[in-house]
Structure formats: structure tokens, C-alpha cells
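Results of the structural survey
The chain contents come next:
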Amino acid sequence: MAATVNHGFSILNHAKTKPWTGPQSRRLAAGPIRCKVAVGDNRQVTVRNGDDSLEICRVLNGMWQTSGGWGRIDRDDAVEAMLRYADAGLSTFDMADHYGPAEDLYGIFINRVRRERPPEFLETVKGLTKWVPPPVKMTGSYVRENINVSRKRMDVASLDMLQFHWWDYSNPGYLDALKHLTDLKEEGKIKTVALTNFDTERLQIILENGIPVVSNQVQHSIVDMRPQQKMAELCKLTGVKLITYGTVMGGLLSEKFLDTNLAIPFAGPPLNTPSLQKYKRMVDAWGGWSLFQNLLQVLKKVASKHGVSIPTVAVKYILDQQAVAGSMVGVRLGLSEHIKDANAVFSLVLDEEDVSSIQEVQKKGKDLMGVIGDCGDEYRRI
């Protein structure tokens, strides 16, 4: 299917795909879209594509944990916790239409911010959401109707970022949906259009069709380095940035699981959340618990050297990777907090010795690109 190779990745021939012929499409024909990432005090980053831009915090508060399975979330406690995160400078929240009450909690929270914080503070707060539709026909009215639901739940006139997910690539309706999302962006209903869990090939198709995406949210951790094998090169060429999740592997990359043996029943911490169970499967695919313990021991040594925690090292390592604009850390609002560890990321500098010691363990693990496939394939392979 690849026609020619340019700059290390395929320029694909998509004769069956009817391109969108908007201004972004014409600009792409003249050359790759260039998105810029501007870093100020290293806490904030601006993802940009043409005239579209959004400033976010590089450590994002992930709200998957509000969807159930991590403990009961009390609404008032959750909103108070969101205020504490924002007050501490961790002012970007990531959610989805299917993360239980996440969008509703954000709507309550943002109204508290409007009433109780100065206007300049409100400008720093960002709410990123996702739309994960079923594989039905993507008409303009259907897309608009669903985006309006998120706007209403989050109580905002314009979504800061809409990250789009699509289950089945054999159904080309994702291009129709993205065109309609871009139309809504032009109307002011969405500020930036982005993706989640798209692979490199489809990201390129989307860009070739003139869709002005600013980022792609993908799984990326010290264990899962797949985004650096293929997608980062395309991102380097086009400027699209990566927002990563699974970066602390649901908490597996922490002191809590250091020196534990999960092979012995009840000997270690229970894998009692959906995220811990999910990322334990990633550990198994990568090299098993024994190798993972070697990794935790190395990370503990690095963390102790810098006076920080293992999760802080894990996040910083990924933030230092090519094309990564921000990394997600899940928040169990009202149940536990990681504000100190998250803020420590911004002052941590990993030196060559730190990086080399981590890479030595990584080399012993399996190539997850070969085991699983490209970014997002874990959701599409049977």
C-alpha cells in the first residue's frame, strides 16, 4: 500500500478516501502541517496546529478513576479535590464522555472556579474530554448532538479540547466524524481537535485529509515505549504532539509494589482496580514480574538520588521523550492525592547516568511493538 518512503515513514496512497478540501487540506498539500510546542516555565506547554492552540499543564489530572472500580467518589469531596489540584498549579483535567460523572464533576468544578477564583486563574484551567462513539454513520447532526452533550455536562460554551477515538479502522467514518468536529471548531464549539489511541498510519491519513489535530493521546510508559518506535517520527515531522496515559501504570510504578512477589497469594498489594489489572497485563507482556522488580529497584535508586518518588521519575522520563507534550496521572478525587509527587516532576532533571540505568533494564524487556502492535492496537486486536 505504501507508494514511496519519505523521511522514514510511508506516504500512503488512499485512493478510496475522499479528502476534505478545506484550507488545512490545501496547506498540507504544500507541505506537512507544522505544530509547535512552546514551553515557558516547563510547567505549561502549548500544543498548536496552525491557528489552533491550547496551553495545558504538562502533568495532567486523569479522571478515568471517577468511572467506578476505584472506590466510591463523593461529588463534593471530588470537586474540593479538583480545586486543590488547580490551586497547586495542576490545572488541566482529562476526562471522557464515558468516564462516569467526570464531565459533570468538571462542570460543577468550573462553576466554583468562576465564582471563587479571579478571572486570570480561570484562564489557566483546562478541561480536555474525549468522544468515543459507536460505529454508526457520522452525520453532522449526530456529531453535533454528542458534542453538545459534553458542552452541557461540562458547562462550557466551547470545549478546550475534544479527543476523538475510533474503534474500527475498516470503517472510514472516522474521517467524516473528524471533518464535522473541525466544522464545530470553526463555529467555536471546540477550541482544539485531537485524537486518542490512533496508530501512526491512521494519524498520517488524518493529516493528509487536512484535519488540524494538535495531539494524539496514547499509552506510554517506561515499560511501553511503542510511541517512540514509529509515531514519534511522524510527530517530529508534522508537529503533532503526544499526550500520554498509563505513565505510572495505574500505580504499579511506585514504591508500593517494590520488593513484592505477586506469585504468592496475598503476599503483595492487591490488584484491585481496573488500571492495576490492565497494566499488570502489560508487565506480563513486557517481561514478567521479576524483570519489573529489577526496573523498580533501578527507579528507586534514581528516585532516592534526587529525593523524589518512583512515580515522579516515571513521569519525568516520559515527559523527556520526543514529541511528548504532557503525561497523565490518574486522580482518585477525594480518596487519595499525589499533588506533591506531581509538582516534583517540574524541578526534576534526570542525568545521563539515570537515563542509562533505566535503558539497561528496558533492553531486557520484549519489544511490545512486535507483541501488541502500534499505539492503540491493544484496543483493536482480538
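By convention here, each chain's residues receive numbers from 1 onward along its written sequence. In keeping with the model being predicted, local features are shown solely for residues with a pLDDT of at least 70 and side-chain atom pairs are shown and tallied solely at 80 or more, while totals for entire chains, interfaces and linings include all residues. To obtain the side-chain values, all non-hydrogen atoms of the structure were included, while hydrogens and water were left out.

**Examining the overall build of the chain**
Rules: Here a helix means four or more residues in a row that DSSP labels H or I, a strand means two or more in a row labelled E, and each is numbered from the N terminus. Only protein chains enter the accessibility calculation, which uses a 1.4 Å probe; a residue whose area is less than 20% of its type maximum is buried, one above 50% is exposed, and one in between is partly exposed. By definition, residues are in contact when any of their heavy atoms lie within 4.5 Å.
In terms of regular secondary structure, the chain is built from 14 helices and 13 strands. For the chain, buried positions account for 56% of its 382 residues. Considering only residue pairs separated by 6 or more positions, the chain has 76% of its internal contacts joining residues 24 or more positions apart.

**Remarks on unusual backbone geometry**
One non-glycine residue, Asn-197, adopts positive backbone phi at about 60°. Even without a glycine there, the phi angle at Asp-259 is positive, about 60°. For Asp-259, the location among the structural elements is in the loop between strand 12 (241–245) and helix 9 (274–286). For Asp-259, a relative accessible area of 61% gives the class exposed.

**A word on helix 2 (residues 75–87)**
Condition: In this scheme, a helix's expected span is set at 1.5 Å multiplied by one less than its residue total. Between N or O atoms, a polar contact is any pair within 3.5 Å; within protein, one atom must be a potential hydrogen donor and the other a potential acceptor, and residues adjacent in sequence are included only when both atoms are from side chains.
Taking 1.5 Å of rise per residue, 13 residues should cover 18 Å, and helix 2 covers 18 Å from first to last C-alpha, within 8% of that figure. Residues Ala-78, Val-79, Ala-81, Met-82, Leu-83, Tyr-85 and Ala-86 constitute the buried set of helix 2. Contacts made by the buried residues of helix 2 are with strand 6 (59–62), strand 7 (92–94), helix 3 (102–116), helix 4 (119–124) and helix 12 (339–344). For helix 2, the side-chain oxygen to backbone nitrogen distance between the N-cap and Asp-76 is 3.2 Å, and the N-cap itself is Asp-74. Trailing helix 2 by a residue or two, Gly-89 shows a phi angle of about 95°, which is positive.

**So, the packing of aromatic side chains**
Stated precisely, the cut-off is as follows: Centre distance within 6.5 Å is the pairing criterion for rings of Phe, Tyr and Trp, where only the six-membered ring of Trp is used; planes under 30 degrees apart are then read as stacked, over 60 as edge-to-face, and the remainder as tilted. Throughout this description, the term charge over a ring refers to an Arg CZ or Lys NZ atom that lies within 6 Å of the ring centre and within 35 degrees of the ring normal.
Applying the stated rule across the entire model yields 13 aromatic pairs. Plain terms: the ring middles of Tyr-169 and Phe-198 are 5.9 Å apart, the flat faces sit at 40° to each other, and that makes the pair tilted. Residue Tyr-169 is found in the loop between strand 9 (159–164) and helix 6 (173–187), and its partner Phe-198 is found in the loop between strand 10 (190–196) and helix 7 (200–208); the two are separated by 29 residues along the sequence. When sorted by exposure, Tyr-169 lands in the same class as Phe-198, which is buried. Members of the aromatic cluster, connected to one another through ring pairs, are Trp-131, Tyr-142, Phe-164, Trp-166, Tyr-169, Tyr-174 and Phe-198. In this arrangement the basic side chain of Arg-117 is found over the ring face of Phe-121, its NZ or CZ atom lying 5.9 Å from the centre.

**Some thoughts on the sheet that holds strand 11 (residues 213–219)**
The condition is simple: Between any two strands, pairing holds if DSSP finds at least two bridges. Where helices are involved, their axes are fitted lines through C-alpha atoms of the stretch in contact, as for all axes, and angles between N-to-C directions lie from 0 to 180°.
The parallel closed barrel is built from eight strands, whose spatial order is 6-7-8-9-10-11-12-13. This sheet shows a mean twist of 30° between the axes of neighbouring strands, independent of strand direction. Of the strand pairs in this sheet, strand 11 and strand 12 are connected by five bridges, and their pairing is parallel. Along strand 12, the bridge assignment pairs Gln-219 with Tyr-245.

**Focus: the confidence of the model for the chain**
For clarity, the cut-off: A residue's pLDDT is the predictor's confidence in that residue, given on a scale from 0 to 100.
Across the chain, the average pLDDT comes to 88, with 87% of residues at 70 or higher. Confidence drops under pLDDT 50 across residues 1–40; counting only partners more than four residues distant or on other chains, this segment forms 79 contacts.

**Some remarks on the layout of surface pockets**
Heads up, the rule is: Whether a set of points on the 1 Å grid over the protein atoms alone is a cavity depends on a 1.4 Å probe fitting there but being unable to get out, while an open set qualifies as a pocket with protein on both sides within 12 Å along at least five of seven lines; lining residues are those with an atom within 4 Å of a point. Grid points are joined across faces, edges and corners, and a volume is the space filled by probe spheres set on the points. Under the scheme applied here, ten amino acids are nonpolar (Ala, Val, Leu, Ile, Met, Phe, Trp, Tyr, Cys and Pro), four are charged (Asp, Glu, Lys and Arg), and all others, including Gly, are polar.
Looking at the largest pocket, its volume works out to about 1100 Å³. Looking at the largest pocket, it is lined by 47 residues, and the ones nearest its centre are Gln-65, Gly-250, Ser-275, Val-329 and Gly-330. Secondary structure elements with two or more residues in the lining of the largest pocket: helix 9, helix 11 (310–319), strand 13 (324–330) and helix 12. When residues of the lining of the largest pocket are assigned to their parent elements, the largest contribution, four residues, is made by helix 9. Within the lining of the largest pocket, the residues separate by chemical class into 20 nonpolar, 19 polar and eight charged.

**With respect to the pairing of strand 11**
Quick note on the threshold: A clockwise course of the path from the first strand over the helix to the second, judged with the strands pointing away from the viewer, identifies a crossover as right-handed.
Here strand 11 lies mainly inside the structure; seven of its seven residues are buried. Bridging between strand 10 and strand 11 involves three bridges; their strand directions are parallel. Counted as the bridge partner of Thr-196 is Gln-217 from strand 11. With helix 7 bridging strand 10 and its parallel neighbour strand 11, the resulting β-α-β unit is right-handed. Chirality of the crossover, the property in question, places the unit of strand 11, helix 8 (residues 231–238) and strand 12 among those that are right-handed.

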